[in-house]
Amino acid sequence: MPASTVHAVLVARPDTRALGLTHFSETIRAIREQSMPVDALTIVLCGRDERFAEAANASGAEGIIQADGSTGFAEAIALASARVDPDSALWLLAQDTVPAPEALRQLAGMLEIGPSIAVVAPKLVRRDDQDVIASMGVSMTEGGAAIELAAGQFDQGQHDSTEDVLGADVRGMLLRAQRRADLLPDPALGGADEGLDIGVRARLGGARVAIAPLARVAVSADGVAGLPEPNTAADRRRISYVTRLAQLHRRLTYAPSAAVPLHLLSLLPIALWRAMASLLAKLPGQVLPEAAATLVAATRWGAIARSRHRLRGLRGNWSRVEPLRIGRAERQLLTTEDGPRGAVVSGELRFFSGGGAWLVLAMLVASIAAFPLLLGWPVLGGGAALPLRTTVAQLWTDTGFGLRGYGLTEIAPADPFAYIVALLGSLVPASPSSAMVALWVLALPLAALGGWFAATRITERPSLRIVAGIAWALAPSLMSALLHPRPAAVIAHLLLPWLFLMGSVAHRSWSAAGAASLLLAAVAACSPSLGAFGCCVVVIGAVFAFATGRLSAAARVVWLLVPTLVVFLPLLWRRLADGDPLALLADPGAPWQGGRTTDDLLGRLATLAGAPDGTAGGWTSFLDALGVPDATAVAPWTLLLIVPFVVLAVLAPASSRWRVGTALLLSAAGAGVAAVLVSRISVTVLDGAAIAIWPGALVSAVWLTVVLAAALTAETLPAPRMITATAMTVATLLLVVNAVPALTATARGADELQNGPRSTLPAYVAATLTDGAGGATLVLTVLADGSIAQRVVWGGSDTLGAQSTVLTSALEADPEDERIASVIATLVTPDADADPGLAELGIRFVLLEPVRQSTGVAAALRAQASSALTQRAGLAAVGETGKGALWQVEATPAARTTLDDNQLSTARWSWSAVAVVALIAVLLAVPTRASVRAARVRGRLIGLGRPKP
Amino acid sequence: MSGKRTRAAHAIARGVAAVVTVLVGGAMVGAAVISGGAVITRTAPVLVADPPLTATSLVCPDTFLVLGRDVNDAQRIGAAGTFTETSNAAAAGADPLSLPLADGSVQPSTVITTQVGGSADAAAATGTVRLTDEDASGFAVAACRPALTETWLVGVDTSVGATGVIVLSNPGEVTATVSLTVYGATGPQTPPGAAAIVVPARSSAAIAVAAIAGTESNPVVAVRATGAPVQASIQSSLVRGLTPAGIDVQQAGATAAATQVMPGVVVQQVVNGVKASQVRLLAPEADGTATVAVYRSGSAQTESLAGGQVPLTAGIPFDLPLDGLTPGSYDVVVTADVDVVAATWQITGVSSSDDIAWFPAVPPISAATTAVVGDGVAATLTVRNTSAVEASVEVTSAGAAKTLTVPAGGSVQTAVGVGDVRLAPAGGATVEASITYAATGSLASQPLWPGTADVAQVSVTR
């Protein structure tokens, strides 16, 4: 018989769970029914509740302590222990711990036979399933993280031979009377790892911690002692916070005094590291609680001092703890899960066996056949295509807030498209411009690849995926953007299917949300009008998820907007400051009107059909070349070739996966409306002429949704396979026919692609300025109406990344514009003999572009300007070049203004914000073993409903 | 049973939802395609800058040149008479500098340079000349004008008995290189030797019309200068048989535009058998159709008295006779669907005391401008308004100001005395004006040009 007496302390917390009172009553009954009765019972009620108080009064407890609701388990025990007889062992119980009748006898017996044992812990089993171990011994890793040794395992007696452990769960622990003063739970731990801490202190003090395998205590995680069940997001945040806080506090407590400052210093880098690890583990909800825990742990000097005080003089005995710690190998064994928690739904991707690879290869061949000359071009020109900067450093300089590649001293945020250009150009560091040429050659295969993958969300049938791949590669809007070069529209088209692939399952997984968020930002950078539409779709999706109560899904969907917002923030700020938010829609890159459809019913239909350039998909010139009379009238009818896809798409809402079908069709309609609307909005101005927003990217979105909806119809239509197969074949063949004029355009010379030039400025300028000489080129273009369009170009050429919509869409002239206007007026007037001060403005060259007219006001003004410039002192005529007449300023140009401190810090902040958000999104997006497994459980298809558990 | 019914109900509900989706989507797209939505556009800010003009140089005629006075060298250019200058107060103080031919033999022009002040005291001067020689007789006027980089000389006469000299004067301090483009029956071409005529600083050059366009029947010459602007004019004389039939100095006409106006063409008598009134037209850049209309000067009449529709081939001049005009003053208006240049030819008669004159098209004027009326023959100012709204102009002549109301599509005339004349359109109105010198046997035209400061304004955009 045990000699010493046992005093049980039962801590209850009325405000925890609904079942709290039941648990409490059961626990009281179980204590009463112990085969070895407790000598005394003290109940601590943390928080006031009539029913709890009643139950406690009826229990026959020796004492009842009413404590505040904020009192933690450790504090409650401390309160009660003051009234416990010093010769009694202390039994730590909570409202949700139901000891088996033999439990106390076993625990006390263990204490009796082992004099060196200071603490005995029971075997905790789950209350709802008593064959499963809830906790039986806790150890810690080399890093100090607590680790359960047997939690979650079926109890087959496999651990019953274990005797010594480092620590255990605090619930049901029996503390030896003589040692318990030093071993009470530490309130500073905040509720986690209290049992482990007690064990470590006991072992440092020279005692042992034992497990009594035959003492069974059934527990349910009410959260009074130990951690709560992670049922809600709030629970999970609390667990993350408390676990981390306890771990850090223990680390600061156990460390030798000399090491404490080092530990404190290491907290910040470790916190950053763990934040990245959490993101990589697709657990972004952990980041903030852990950061808060770090902050709290590092600043509680008083608590650290108290906890350390208890271990004074004992830290040297670390060797007593060491043998029971868990090594790396064991830890891996303990933490690795046994396998997928659900059946794997998605099968093999079948990219190779399903013909996807052959499709991409075929498109590569088609692309080379369609653009044979491109392979030898160093720089893509024509249309909106411009050279890229010649070095990677310059490419990235263009992405920052600050001086733009145009203008004199204007400080403005960069267009986000500059990031895309910089990324693309960095792929070929030696010659960034050739990356654009490569993009053109690879556009068809890349589009086919994207279309194929997007279709994997809709169908598992290889034939339909191939159809989608073909349809995306031969999309009329892509053909238009390739032949009448619009780099931004081409890139947006290539990214769009991937955005669909990831965005359509973003609500399911952080991995998809991370990838989709980056893709949305990239698409928005290429085409702000399409980006705005995409953001609208995301907001609708988030509201839908929120309204249906799927909060974590809503959080993942909302994240899609974050990178886009951060990337556009400087520009947004500037536009709002200018009172010109509409200009956010301005197409980035070189402003170029190009061909457009007529502004009438037919023209708008042609826009929707993917031919916003007014060439009817190249059919006008194609039929003309074939000798068809009146080709202009016949060509618009070829738009009917895409109608089969539209007809199939319209049936999609009637399919068995009608949710997807409806969403796709409504998206198509929304994008179509947006495309028509933006095609009439002009926000940029070039050479005095307004340039309408290019609707092509939105038309691509229409086409994507139409193609996918058509595939969905073909996949799910309750019709004989023969009929759907025939319909899809006919639709695809007609689409291929539709693409014939576009694919032969280069051979017929009906495209606007040009080889180069390497620089849009004369070679002499390019050579001088690319070599690093300072100064800009003032380019004057005499317009047909006799006014002069000016631009100040910094660097050896106009470049794609240097373009700035802030400059090209400015509504009002600023003092800088006025200054340059008066300089130009002086320059072009022969009798004006004031010194224009070009060198002070940093201008090294003046280029007077040729005019198209040989007579009229423009020609006369150009001739006048030419003779005025030639007569002007301080300017040396270089001569007529192919790109215009050139003069060089004889004085050394002044250096360009630099950013002041405020602007520098804005630049740094905006750049770092983008870097951080991009890093977060990438970490979320990078697939890990766990995220891949989770994705396979959900399957690839969308619209099947949630899998049955 | 009930399961089946539920399934059927579901199917029907889904079908209805699908139809509604399609209808809603279709309606959205349809509405957008049909209405198109709002048109939102923007214009770049246009800054109008005044260059810091400190001085303006005007090239004035000095010597009337003729060919064939030297029996040893029929192609030799010689002097036939000297212009009489009339200057306004602002120009009077300036010292004229000589712009002689390269060989120094003749001084066809002079240049006066005046400081630029306000527009009220803009310098202006005009030279007139009267000859009564047996190879050249008549009356001619030439205003002092700034040099230009492009000059259209539309009225180039190459018929039998006509001689002409193109005078190129460079008032600047650097050499000008001039190219002459002759538009003829085969389109534009640059004759040998006319591609790069060097006119040194502060000098003139004279080229016989016969040397560059002798084979053309109705040429138009475009003069384009690089390096420095030049002033180009044609001094011409006509002899019918052995009878001198008139002289003329023709200066720059308005640059190519869709509308060209030649106000104040005076018909003194009906002449048969020779070309008495005609319009020369040229569309330099593109094919098109021009309509020539002739209205009585000083009236609001809108019915054309002569002319008609003319098809034009790019680069090939076209002469349209204006038949059936009774004596009086007429405004000739050309409207075309392409840019054209134009000039009107008029004679007073065919006797030895008669005269000829080319009326070049005049440029539009929208701000106050100053000219000087020369001495010798009574002058009339004709102001035409081609716009659709009534225009009001203030005309100051001989110190007296009066306000004239020019009806839309009509014109007004007023006599102007020798000396300063100032024309100021009110309230942004745009008019075309020229001064006609007409007396029995004397006829000359002096187009009014916008003031120097207005011309010099530069519009700068992005």
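Refer to the structure above for everything that follows.
Residues numbered from 1 in each chain as written. Chains lettered and ligands numbered in written order. Predicted model: local features only at pLDDT ≥ 70, side-chain atom pairs only at ≥ 80, totals over all residues. Heavy atoms only, no water.

## Side note on the overall build of chain B
Thought 1: Broken down by element type, chain B carries four helices and 34 strands.
Thought 2: What you see for chain B is a C-alpha radius of gyration of 28 Å, clearly larger than the 23 Å of a compact globule of 462 residues, by over 25%.
Thought 3: With the principal axes as the frame, chain B shows a C-alpha extent of 125 × 50 × 45 Å.
Thought 4: At a minimum sequence separation of 6, the contacts of chain B that also span at least 24 residues come to 76%.
Thought 5: Carbon and sulfur atoms make up 56% of the accessible area of chain B, which amounts to about 17800 Å² in all.
Thought 6: Here chain B carries 19 positive and 32 negative side-chain charges, and the mean point of each set is 23 Å from the other. (Helix = DSSP H or I, 4+ residues; strand = E, 2+ residues; numbered from the N terminus. Rg over C-alpha atoms; globule rule 2.2 N^0.38 Å. Contact = heavy atoms within 4.5 Å. Areas by Shrake-Rupley, 256 points an atom, 1.4 Å probe, with all protein chains shown as cover. Lys, Arg positive; Asp, Glu negative; His and termini not counted. Charge placed at Lys NZ, Arg CZ, Asp CG, Glu CD.)

## Topic: the state of the cysteines
All names here are of chain B.
Thought 1: Overall, the coordinates contain one disulfide over all chains when judged by the stated rule.
Thought 2: Covalent S-S linkage joins C60 and C144, the inter-sulfur distance amounting to 2.0 Å. Taking the sign of the torsion about the S-S bond as the criterion, the disulfide between C60 and C144, at about 120°, is right-handed. With C60 in strand 2 (residues 55–61) and C144 in the loop between strand 9 (137–143) and strand 10 (150–153), this pair connects stretches of sequence that are 84 residues apart.
Thought 3: Taking the relative accessible area as the measure of exposure, C60 reaches 3% and is therefore buried. (Disulfide = S-S within 2.5 Å. Buried < 20%, exposed > 50% of the residue type's maximum accessible area, 1.4 Å probe, protein only.)

## Describing the side chain of B:S411
All names here are of chain B.
Thought 1: Within the fold, S411 resides in strand 30 (residues 411–416).
Thought 2: Engagement of the side chain of S411 in a polar contact is seen with the backbone nitrogen of G298, the distance being 2.7 Å.
Thought 3: Among the polar contacts listed, one links the side chain of S411 to the side chain of D331, at a separation of 2.7 Å.
Thought 4: The residues touching S411, leaving out its near neighbours within four places in the chain, are R296, S297, G298, S299, D331, T382, V383, R384 and V406. (Polar contact = N/O pair within 3.5 Å; in protein donor to acceptor, adjacent residues only side chain to side chain.)

## A few points about the sheet that holds strand 18 (residues 243–250) of chain B
Residue and element names in this part refer to chain B.
Thought 1: Strand order across the open sheet formed by four strands is 15-11-17-18, with antiparallel pairing between neighbours. Both outer strands of the open sheet, strand 15 (203–208) and strand 18, are each paired with one neighbouring strand and no more. Strand-to-strand, the axes of this sheet are offset by a mean angle of 15°, without reference to chain direction.
Thought 2: When strand 11 (residues 162–170) meets strand 15, the two strands line up antiparallel, connected through six bridges. Note that in strand 15 the partner of N170 across the bridge is S203. (Pairing = 2+ DSSP bridges. Axes fitted to C-alpha atoms, helices over the stretch in contact; angles between N-to-C directions.)

## Some remarks on the nonpolar core
Residue and element names in this part refer to chain A.
Thought 1: L374, L380, W440, V490, F645 and W703 are the most contacted members of the largest nonpolar core, which has 133 residues in total.
Thought 2: The greatest single-element share of this core, amounting to 15 residues, is contributed by helix 28 (residues 696–716).
Thought 3: Apart from residues lying up to four places away in sequence, L380 is in contact with L374, A385, L386, M436, V437, W440, L753, Q754 and G756. (Core = buried A, V, L, I, M, F, W, Y, C linked by side-chain atoms within 4.5 Å.)

## Let's talk about a negative patch on the surface
All names here are of chain A.
Thought 1: A cluster of acidic residues, D128, D129, D131 and E229, forms a negative patch at the surface.
Thought 2: Position of D131 relative to the elements: it lies in the loop between strand 6 (117–126) and strand 7 (133–135).
Thought 3: Overall, the relative accessible area of 47% leaves D131 in the partly exposed class. (Patch = residues over 30% accessible without salt bridge, like charges linked within 9 Å, V, L, I, M, F, W, Y side chains within 5 Å. Salt bridge = Lys/Arg side-chain N within 4 Å of Asp/Glu carboxyl O.)

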